[in-house]
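Structural features, examined
In case you want the letters, here they are:
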Amino acid sequence: MIKLTNVSKEYPKRGYALRDVSFHVRKGEFAFLTGHSGSGKSTTMRLVHMAERPTSGEVRVTGYSSEVIGDRETWKVRRRVGYVFQDFRLLPGRTALENVTFVLEVTGVPRKELTPRAHRLLGQVGLSAKAGAMVNELSGGEQQRVAIARALANDPFVLLADEPTGNLDDRATRGILDLFWEINARGMAVVMATHDLELVRRHTQARVLELDNGRLVYDSQGA
Amino acid sequence: MHAIREALAAFRRAPVLTGLSAAMVGLALFVVGLFGLATYNLDLALTSIEERVEIVVFLHDDARQSEIDLVQAELAEIGEVARVRYVSKREALERAQQDLPEFSELFTGMEINPLPQSLEVELRPNARNPEAVERVADAAAGYPYVEDVRYGREWVDKLFTLRRVGGATSAVLGAVFFLVAALIIATALRIAVFARRDEIHVMRLVGATNGFIRLPFLLEGAMSGLLGGLLAWLLTYWVYRGVYAFLFAVAWVPATWVLGGIALGVVFGVVASGLAIRRHLKEV
């Protein structure tokens, strides 16, 4: 499903962000990508999302290879991969519902189905009651739930979350993690990047991939 | 459909920003419009002066009618010549009496008519330059019964120089105004696109195709260009009316110029938006 093979990424000024990283995340897996800041977590996520291309090696996401796919085709990968950011990246000045319908609309969902589907998605993240609220009036945890509903809109096979709890308090963090496990229980893979080792330790059933200085130094599955 | 809805929604959501960018487009095109109005009127003025460029061929009194007819016919054959008109001695006198009423008594009292008969040679519009005038004048002077050929040589030279200087100046100024307008429009629409980069990012993020993302912005650019073009038309027309009413008579530019200007606004708008969005499409 997601397969990195000997992936290195070098930036012209910063040097190597990733060196020879290989791992394989299968369907329905729950994996944490951990490491200190600057260890290469975000770069890995961006590579999987095809926002960047590796300097060497190959990134494969559901049959699309970084070696073949053109810049004009990355949208095909993006419709199969949900993405959640630390800073939510919602559209301010629009309601929670509008933020979700926006995504459905721009990916070609027929107009009639927009609102019912968006309501269903907000229901899945437990935000039905706040559908009509402006996103900037919601709490951080609630905003992240809107972002997750948005990421689920295309019915992706994997949810990528880059430090999704970085801006949240403990309670909101627990809520988001519970939601990820719920989503995972329905068969969707979840890959969450976090530097919070305490949080990783609390979820012993998840796979852990640890990056240090751009190298994969630990994989709880041993592969 | 989505694109049209989104483009209209942009005007609704941020009326000030989109209004401002349309206004900037309008003011930029207004400068071009004023320039067009000035150039058009200068050209009209020069053309009307040029129409007076004429060669007068004075003939001997004893030239026979058959000889005059021959000169007239042969001069009319020359490529640069539009028309040759014969003016008899009598007609010349009548004109003189009409044009110079203060001397009319003098003319009436004369027993013999001192004014010569002549041929007035009118040139084609594209042949009113010094070389052509001289060529025709030389041809006319070659006939034996031609007494003199007059065409105001210095005057034609000056007029022609003025036309050339004017043409070069307006080409350079026009290019500069165009460039300035294009830069202003590009900046205005870049700001409009920048204000919505979050939307572009989200769309890229969730897998909207580039074409899908781009289209509403191109339409928005076209609308800004159209509104700006209409605004520029209105402002230029006001200036025209003002000048006409308070300063001097000027002519309004042809309809094709107005339509061309508005079309230019639309094209600028679309191109500027397209360029502005390209950068954002590469970011995520």
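Just so it is clear, the model here is predicted, and its values are computed rather than measured.

Attention shifts here to unusual backbone geometry. All names here are of chain A. Phi at Arg89 is positive, roughly 55 degrees, even though this residue is not glycine. Relative to the assigned elements, Arg89 resides in the loop between strand S6 (81-84) and helix H3 (96-106). Although it is not a glycine, Asn213 sits at a positive phi angle of roughly 55 degrees. Tracing the chain through its elements places Asn213 in the loop between strand S9 (207-212) and strand S10 (215-219). On the neighbour-count criterion, Asn213 (14 C-beta atoms within 10 Å) is partly exposed.

The subject of this paragraph is the interface of chain A and chain B. Listed by partner, the interface residues are 15 residues for chain A and 14 residues for chain B. For the side of chain A that touches chain B, the elements supplying multiple residues, two or more each, are helix H2 (74-78) and H3 of chain A. With three residues, the top contributor of residues to the side of chain A that touches chain B is H3 of chain A. Its residues placed into classes, the side of chain A that touches chain B shows seven nonpolar, two polar and six charged.

All names here are of chain B. Read across the open sheet, the four strands follow the order S2-S3-S1-S4; overall the sheet is antiparallel. Edge positions in the open sheet fall to strand S2 (81-87) and strand S4 (146-150), since each of these has one partner strand only. Shown here is a sheet whose adjacent strand axes are inclined to one another by a mean of 20 degrees, direction ignored. Pairing of strand S1 (residues 54-59) with strand S3 (residues 117-123) involves six bridges; the strand directions are antiparallel. Bridging from a neighbouring strand, Phe58 pairs with Ser118 of S3.

Conventions adopted
- Residues numbered from 1 in each chain as written.
- Chains lettered and ligands numbered in written order.
- Predicted model: local features only at pLDDT ≥ 70, side-chain atom pairs only at ≥ 80, totals over all residues.
- Helix = DSSP H or I, 4+ residues; strand = E, 2+ residues; numbered from the N terminus.
- Buried ≥ 20, exposed ≤ 12 C-beta atoms within 10 Å, placed from the backbone.
- Contact = placed C-beta atoms within 7 Å.
- Nonpolar A, V, L, I, M, F, W, Y, C, P; charged D, E, K, R; others polar.
- Pairing = 2+ DSSP bridges.
- Axes fitted to C-alpha atoms, helices over the stretch in contact; angles between N-to-C directions.

Note that all results are geometric; they support no functional claim without further evidence.
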